[in-house]
Amino acid sequence: MYTNFDEMPVTLSVEQAADALSISAVSLYKLIKKDKSFPAINMGRRIVIPKENLKKWLDNKVNK
């Protein structure tokens, strides 16, 4: 687990992003499927989440 935002890699796996959001990977997969604004990128068979885009998405959700 990361202690701050700067320690995170540039892109996160679903599992890493779920851990950062304190939710299960299954819940994050459901969120990715349901919320088209979530910043997930398909890279072949993998899904990655750019950390900067995740932060912007969270900020947008909090400021609504």
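Residues numbered from 1 in each chain as written. Predicted model: local features only at pLDDT ≥ 70, side-chain atom pairs only at ≥ 80, totals over all residues. Heavy atoms only, no water.

Asker: Where do I start with the sheet that holds strand β1 (residues 11–13) in this structure?
Answerer: Sheets are built from strands that pair by backbone hydrogen bonding, the pairs being arranged parallel or antiparallel. Here three strands make up an open sheet; going across it, the order is β1-β3-β2 and the pairing antiparallel. Of all the strands in the sheet, just β1 and β2 (41–43) have a single pairing partner and so form its edges. For this sheet, the mean angle separating the axes of adjacent strands, direction not counted, is 45°. Here three bridges tie β2 to strand β3 (residues 46–50), and the two strands are oriented antiparallel to one another. Bridge pairing in β3 links N42 to I47. Against the sheet, helix α1 (residues 14–21) makes contact with β1 and β3, and its axis sits at roughly 95° relative to β1, the strand it touches most. (Pairing = 2+ DSSP bridges. Helix = DSSP H or I, 4+ residues; strand = E, 2+ residues; numbered from the N terminus. Axes fitted to C-alpha atoms, helices over the stretch in contact; angles between N-to-C directions. Contact = heavy atoms within 4.5 Å.)

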